[in-house]
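Chain and residue survey
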Amino acid sequence: MRQRLKDLYHFLPVQLVLLHFRRYQLLLVFWLVLTLTLTGGFAAHFGARSLFLAPEYLGEINYLSMFLLGSCLCVFVMMWNITTFIIHSTRIPNMRATRHAFPIYCFNNSIIPLAFLVFYSIRAFKYQWHEEQLPLNNIIFQQLGFYLGFMLVILISFTYFFRVSRDFFKTSLSKIAAPVQNITAIIPHDQLDRDTGTLPAKTYISLGFRIVPVETASSLHPKVMANILQRHHRNVVFATFVAYMILLLLGIYIDNPFLRIPAGGSFLLLFAIILGLVGAFKYFLRSWEALGWILFTVLLSIMVRYKVFDLRSIAYGLDYHKDLEQVYHYKTLRSLFTTFRYNADRKREETRLQQWKGRVAPDSAKKPPLVVITVSGGGSRAAYWTFRTLQYVDSLSGGKLFSNTVMITGASGGMIGAAYWRNVHDAYCMGTLHFPYSHTFQDNIGKDLLNPIVFSFASIDMISPFNKITIAGQHYTTDRGYAFEKELGRISYGLLDKPIGDFRQRESAGLIPQLIINGTIVNDGRKLMICNQGIAYLTQPEYSLDLPAPPIDAVDYCAFFPEQNAHDLRLTSALRMNATFPYILPVVRLPSNPRMNIMDAGLRDNFGIQVASRYLHVMRDWIRQNTSEAIFLEIRDTRENDVTANTDQSSLGSMLADPLFVIQNKWEAFQSYGYNYIKDFAPAFVDNKMKFITLQYIPQEFTRTAALNFHLTQREKDDIYGSVNHPYNQAEIQKLIKLLKK
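Residues numbered from 1 in each chain as written. Predicted model: local features only at pLDDT ≥ 70, side-chain atom pairs only at ≥ 80, totals over all residues. Heavy atoms only, no water.

1. Structural notes on the overall build of the protein chain
Put simply, the rule is: Every helix listed is a DSSP run of H or I at least four residues long, and every strand listed is a run of E at least two residues long, numbered separately from the N terminus. Whether two residues touch is decided by their heavy atoms; if any such pair falls within 4.5 Å, the residues are in contact.
A tally of regular secondary structure across the protein chain gives 30 helices and 16 strands. Restricting the contact set of the protein chain to residue pairs at least 6 apart, pairs at least 24 apart contribute 79%.

Here you go:
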């Protein structure tokens, strides 16, 4: 037994695994990130694991999507092999395979990749079976596609790229690789860089898949080994170049859905490029590596500082080339949002409400119920739940919910679902849709939005942040925000892909509810409110109108950007600003001086309660005189009394981390509980004619709630869809129906 263990220890594959863990652990981080992603331990809230376990191509999880993912994973594996081969080449003993050193190295370095493949297959099988609820034969068929793609890239790699005796790119790549190789002649190496000890390996796996003994390294002439390594340097440059060009071309043709590979695949290609870069730093800089990374970071910072590229996004439809940019300063806000404008906008809103009343209650003696809808943030989960509840209640009420709603506001995904619901019914009222309650619309709002975001992040944002497009005569850069908008327009059949101004006249006439789409101005914390109608009466508290310096806590978007064609803003851009979850979507900059930077509305008001309550307070006199009830319909994707899971500081990590991140982790709960105070006072605005109706997404299993991201599994969709039948929601719906029919 002792001899067997010694033989195992001196087996080259085992020695290589030990070497990876003993030296250059940074290269193992890539495998660690992938493993944690599959288990849900990394970026779980962003839905990252679905990109790998259930990859989508052309909107479907199928054989081709798995084939593409397997191909991209193999590209990453081959880059891992060639990078580590070059780094560890001086440690690998002669295996009597001068001509085929690299293929033999790949065979012997396969323990980590093979372990990952087995782990991946198990996780993918379970995920597709339980979460996506795919049939068994489909899962097996897709696994075959995955491994076919993986094996095809291996075959191509060994046939064309890594055969030393047949280096097709030798001449051209020598010119590319030579400057990189000459770095070793420029940077002085010292004793810290000399580590030539060979591995204590006695056996290895040969090309014939037999275990054979290792000869001594001295039998191989150093010049021959140097020549082999030089050719493999060209190969790693070529492999990195190919991966980069693939992502670059995919990013250039991002509008072509056939070239939009699964996001997990694009991320693996990006990992391959980064891995090649990390390997180059380690091999060429060696003990100077830390200084190299510092200089690289400084250079990157300088490029951002001088706007060589900008990590922020733009809002499509706005004119960014006007010389008359508005100065974003309190003095400007004070000059714009005056008491006169406040009262004028309020009067116009009362006129709009009067036109709405004349439409829903032609009998002037009758007072109709008025509905204000607030929706919560929560990615696709909130969008799917919001649309489900609105469509369901409106069908039960015979269309009264839509006709009696005067205003919709909220945050993030909930506003996407609510805007889609409004536009579906608007199209129906205009005669371009025949049936607004079709299940097709519910299916559309549940389609994946995460894949195009991450694909664009990997193929454009990180590779080529210089792509240009033209919209309405304006030139813009593309990024993952653009990809999100294009996909949102596509899945909505174009109903959301319109300028906000297209709805201005019908909103003003009281024919459709007005949308107030919010964002958070991260410069100073104010709220940005996007609405076709003038809403200066929502930019400051009423008590402050006579103060010399009133606290202006919000900005009326259209009033602030009259010179930038404010009403040409794409509705998808407005919804994106409203749903700009940190890092998933880029911060949006608006054409002011200095630039306004806009993020998710949920940072200020994740449930829309603040805007809705101020609206009802300002309009209280008209509501008291002209309506039977003011219905405050709150649609939220979390339970009102269980916003976040209860946590306990039972470990050292939680004791250290909880105080640091308590505001971030419990922010939604803080807002939710705080709004209960507003609900206490709000009914007094309208002589207690206000009724609160709250519809909540209540999962069948509280511990298995749908994830907060832009992707929903089939199990999550079924869970959200069925939540409307929960006894609590049914009771609330019946109360709402009775109020609407008064």
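2. Here we look at the UniProt feature "transmembrane region" (unreviewed entry) in the protein chain
Quick reminder of the rule: UniProt positions are given in the numbering used here, feature names are shortened, and annotations may be inferred rather than shown by experiment.
Listed under "transmembrane region" (unreviewed entry) in the UniProt record, and renumbered for this structure, are residues 26–46, 66–88, 100–120, 140–162, 235–254, 266–285 and 290–308. As annotated, residues 26–46 has a helix share of 52% and a strand share of 0%, and its two end C-alpha atoms lie 24 Å apart. Note that residues 66–88 is 100% helix and 0% strand, and that its end C-alpha atoms are spaced 32 Å apart.

3. Some details on empty space enclosed by the protein
In this approach a probe as big as a water molecule rolls over the atoms, and the regions it shows empty are the leftover space. Just so we agree on the cut-off: Only protein atoms enter the 1 Å grid used here. Points where a 1.4 Å probe fits but cannot escape make up a cavity, open sets with protein on both sides within 12 Å along at least five of seven lines make up a pocket, and a residue lines them when an atom lies within 4 Å of a point. Grid points are joined across faces, edges and corners, and a volume is the space filled by probe spheres set on the points. Only Asp, Glu, Lys and Arg are considered charged in this grouping, and only Ala, Val, Leu, Ile, Met, Phe, Trp, Tyr, Cys and Pro are considered nonpolar; every other residue, Gly among them, is considered polar.
This structure, assessed with the given rule, holds 4 cavities of 30 Å³ or more. Along the lines of polarity and charge, the residues of the lining of the largest cavity split into 7 nonpolar, 1 polar and 2 charged. Taken as a whole, the second largest cavity holds about 50 Å³ of empty space. Elements represented by at least two residues in the lining of the second largest cavity include exactly helix H3 (29–39), helix H5 (63–88) and helix H7 (111–130). Here the residues of the lining of the second largest cavity are counted per class, giving 9 nonpolar, no polar and no charged.

4. Structural notes on helix H15 (residues 339–360)
As a reminder, the rule being used: The span expected for a helix works out to 1.5 Å for each residue beyond the first. The cut-offs for exposure are 20% and 50% of the maximum accessible area for each residue type, with area from a 1.4 Å probe on protein chains only; residues under the lower value are buried, those over the upper are exposed, and the others partly exposed. What the arc describes is the spread of directions from the helix axis to the C-beta atoms.
Taking 1.5 Å per residue, 22 residues should reach 32 Å; H15 reaches 32 Å between its end C-alpha atoms and fits that length. Buried residues of H15: Tyr342, Asp345, Glu349, Glu350, Arg352, Leu353, Trp356 and Lys357, and no others. Buried residues in H15, looked at end-on, bunch into an arc of 165 degrees, giving them a common side. Opposite the packed face of H15, turned more than 90 degrees from it, sit the exposed residues Phe340, Lys347 and Arg348.

5. Side note on H3
All buried positions along H3 are accounted for by Phe30, Trp31, Leu34, Thr37 and Leu38. Seen along its axis, H3 keeps its buried residues to an arc of 125 degrees; they face one direction.

6. A look at the pattern of salt bridges
Any two side chains of opposite charge can pair if their charged atoms end up close together. Our working definition: When a carboxyl oxygen of Asp or Glu is within 4 Å of a side-chain nitrogen of Lys or Arg, the pair counts as a salt bridge.
Evaluated as defined, the whole model comprises 19 salt bridges. A salt bridge links arginine 595 to glutamate 325, with the nearest nitrogen and oxygen atoms 2.8 Å apart. Residue arginine 595 is located in the loop between strand E13 (592–593) and strand E14 (596–599), and its partner glutamate 325 is located in the loop between strand E3 (313–314) and strand E4 (326–327); the two are separated by 270 residues in the primary sequence. A residue is classified by how much of its surface remains accessible, and arginine 595, at 24% relative accessible area, is partly exposed. Of the charged contacts, one joins glutamate 542 and arginine 346 as a salt bridge, the two residues approaching to 3.8 Å between their closest N and O atoms.

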